[in-house]
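Coordinate inspection notes
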Amino acid sequence: MKPALDARLHPWNVRWGRTAAAIETAAVFALAGLPFSVHAGLEEGRAKSQVCAACHGADGNSVIPTIPSLAGQPRQFITQALFMFREGQRKNEQMTPFTAKLSNADLNDLALYFSSQKLTVPTRKPEGDIVARGRAVTEKNNCVACHTATLVGQQHIPRLAGQHKAYLLEQLKGFKASTRADLDGTMTSAAQGLAVDELEMVAEYLATFVAP
Ligand code: HEC
Ligand code: HEC
């Protein structure tokens, strides 16, 4: 008896099978709300981020107080920060060498990956009346106008909520002393408006701030 042709191998079914698989894949992306190219970038970003993990944590949640978490940072901010390191506008002994060989596509893929990771909610509670005082300082100095009311950042402006205190304090001191590079000078003038004891208070407030 002649064996029957496996139905799955019939040309029509093969074609339909592929189409069905494509529709299925498309549906998965549609559910995730992501176009194909973005999904590809995300996977590329995940692969390229392995070299960053030793310092920034596997999913961008750093466990080293002087190294910033990248999870949940606005995508544009990450691209821009990487660009500034690569072009030598922002300098750091540890960070700069890792940007030398990155292409523009790498910057975008890495930014897409880290911006879509979830930042671990800070568990430490601020001491004393730091919440009220920190909030007063950030409102009085209009930090919220740029960094948003929930301090999660937007576009080219970084998220501050839940970032490591030691890192934030170092950056604020750097802006005040004009040693930390600043895209457009607005951060330097913002930090110069703060007294030294306010920098400490603000860093504590931001590090323990849980964005709603
Ligand atoms: C050897 C440790 C180390 C490695 C590896 C490393 N970084 Fe960094 N990164 C740092 C340090 C330290 C800083 C803070 C620099 C500063 O104080 O200005 C930083 C800062 C950054 C910032 C700026 C964040 C902010 O909030 O301003 C970005 C973005 C960043 N790194 C991305 C990456 C990416 C992407 C990789 C992998 C390609 C990577 N880093 C690898 C140590 C590292
Ligand atoms: C006019 C808009 C604006 C205002 C107001 C402003 N910022 Fe910023 N801030 C920025 C921008 C833009 C950057 C990114 C600068 C860069 O990387 O070149 C930044 C960066 C920072 C960083 C570095 C974070 C990181 O991950 O590297 C800290 C900390 C910060 N701001 C705190 C504050 C505080 C505290 C205030 C209020 C006293 C404030 N900012 C007011 C726009 C602003």
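One structure accompanies this document, and this report is about it. All values reported here derive from a predicted model rather than from experimental measurement.

Let's shift gears to the site of ligand 1. Around ligand 1 sit 22 residues in total, of which C52, C55, H56, M95 and Y167 are the nearest. A distance of 2.9 Å is found between an oxygen atom of ligand 1 and a side-chain nitrogen or oxygen belonging to R90. At a separation of 3.0 Å, an oxygen atom of ligand 1 approaches a polar side-chain atom of Q171. Of all the secondary-structure elements, those providing two or more residues to the shell around ligand 1 are α3 (53-56), α4 (75-86), α5 (104-115) and α8 (165-176). It is α4 that provides the largest number of residues to the shell around ligand 1, a total of 5 residues. Residue composition of the shell around ligand 1, grouped by class: 16 nonpolar, 5 polar and 1 charged.

Turning our attention to the coordination of the iron atom of ligand 2. Angles at a metal have ideal values that depend on geometry: 109.5 degrees with four tetrahedral donors, 90 or 180 degrees with six octahedral donors. Ligation of the iron atom of ligand 2 by protein atoms is provided by H147 (NE2) and M187 (SD), these donors lying 2.0 to 2.1 Å from the ion. Classification of the site at the iron atom of ligand 2 as octahedral follows from its 6 donor atoms and the range of 86 to 179° in their angles at the metal. Note that H147 is positioned in helix α7 (residues 143-147) and M187 in helix α9 (residues 186-192), a separation of 40 residues in sequence.

Turning our attention to the site of ligand 2. If you check the shell around ligand 2, you find 25 residues, and the closest are C143, C146, H147, R180 and M187. Within the contact set of ligand 2, a nitrogen atom lies 2.8 Å away from a side-chain nitrogen or oxygen of H147. For the shell around ligand 2, the secondary structure elements donating two or more residues are α4, α7, α8 and α9. Residue contributions to the shell around ligand 2 peak at 4 residues, all from α8. Classifying every residue of the shell around ligand 2 by side-chain character gives 17 nonpolar, 6 polar and 2 charged. Counting residues domain by domain, the shell around ligand 2 receives three or more from each of domain 1 (36-115) and domain 2 (130-208).

What follows covers the environment of G88. Following the sequence through the fold, G88 ends up in the loop between α4 and α5. Sequence separation between G88 and A181 is 93 residues; the distance between their C-alpha atoms is 9.7 Å.

Bound to the iron atom of ligand 1 are the protein donor atoms H56 (NE2) and M95 (SD), situated 2.0 Å from the metal. With 6 donor atoms in place around the iron atom of ligand 1 and angles of 88 to 179° between them, the coordination shape is octahedral. Within this pair, whereas H56 is found in helix α3, its partner M95 is found in the loop between α4 and α5, the two being separated by 39 residues in sequence. In this pair, the class of H56 matches that of M95, namely buried.

Turning our attention to the nonpolar core. Where a protein is soluble and globular, its nonpolar side chains tend to be buried together. In terms of nonpolar packing, the biggest core is built from 17 residues, with L151, L168, V202 and L206 touching the most fellow members. Mapped onto this core, the elements with two or more residues apiece are α6 (130-140), α8 and α10 (196-208). The element contributing the most residues to this core is α10, with 7 residues. Once residues lying within four places of it in the same chain are set aside, the contact partners of L151 are V144, R159, L160, A161, Y205, L206 and F209. In terms of nonpolar packing, the next biggest core, distinct from the first, is built from 12 residues, L82, M95, L102 and L107 among them.

One way to put it is that α4 packs onto α5 with a least axis distance of 8 Å and a crossing angle of 140°. With respect to α5, the axis of α4 lies oblique. Our pair here, α4 against α5, has a crossing hand that is right-handed. On the side of α4, the interface is formed by R75, I78, T79, L82, F83 and R86, while α5 contributes N104, L107, N108, L110, A111, L112, F114 and S115.

If you walk through the whole model with that rule in mind, you get 9 salt bridges. Here E44 makes a salt bridge to K48, at a shortest N to O gap of 3.7 Å. Residue E44 and its partner K48 are located together in helix α2 (residues 36-48), separated by 4 residues, close to a single helical turn. In this structure, K165 engages E200 in a salt bridge whose closest nitrogen and oxygen atoms are separated by 2.8 Å. Here K165 is found in helix α8, whereas its partner E200 is found in helix α10, with 35 residues between them in sequence. Residue E200 is classed as partly exposed on the basis of its relative accessible area of 38%. Here the salt bridges share partners, and the residues they tie into one network are E44, K48, D106 and D109.

How each quantity is defined
Residues numbered from 1 in each chain as written. Chains lettered and ligands numbered in written order. Predicted model: local features only at pLDDT ≥ 70, side-chain atom pairs only at ≥ 80, totals over all residues. Heavy atoms only, no water. Near = heavy atom within 4 Å. Polar contact = N/O pair within 3.5 Å; in protein donor to acceptor, adjacent residues only side chain to side chain. Helix = DSSP H or I, 4+ residues; strand = E, 2+ residues; numbered from the N terminus. Nonpolar A, V, L, I, M, F, W, Y, C, P; charged D, E, K, R; others polar. Donors = N, O, S within 2.8 Å, 3.2 Å for Na, K, Ca; no water. Tetrahedral: all angles 85-135°; square planar, octahedral: opposite > 155°, others 65-115°. Domains from an automatic or database assignment. Buried < 20%, exposed > 50% of the residue type's maximum accessible area, 1.4 Å probe, protein only. Core = buried A, V, L, I, M, F, W, Y, C linked by side-chain atoms within 4.5 Å. Contact = heavy atoms within 4.5 Å. Axes fitted to C-alpha atoms, helices over the stretch in contact; angles between N-to-C directions. Parallel < 35°, antiparallel > 145°, perpendicular 65-115°, else oblique. Left-handed = near helix turned anticlockwise from the far one by under 90°. Salt bridge = Lys/Arg side-chain N within 4 Å of Asp/Glu carboxyl O.

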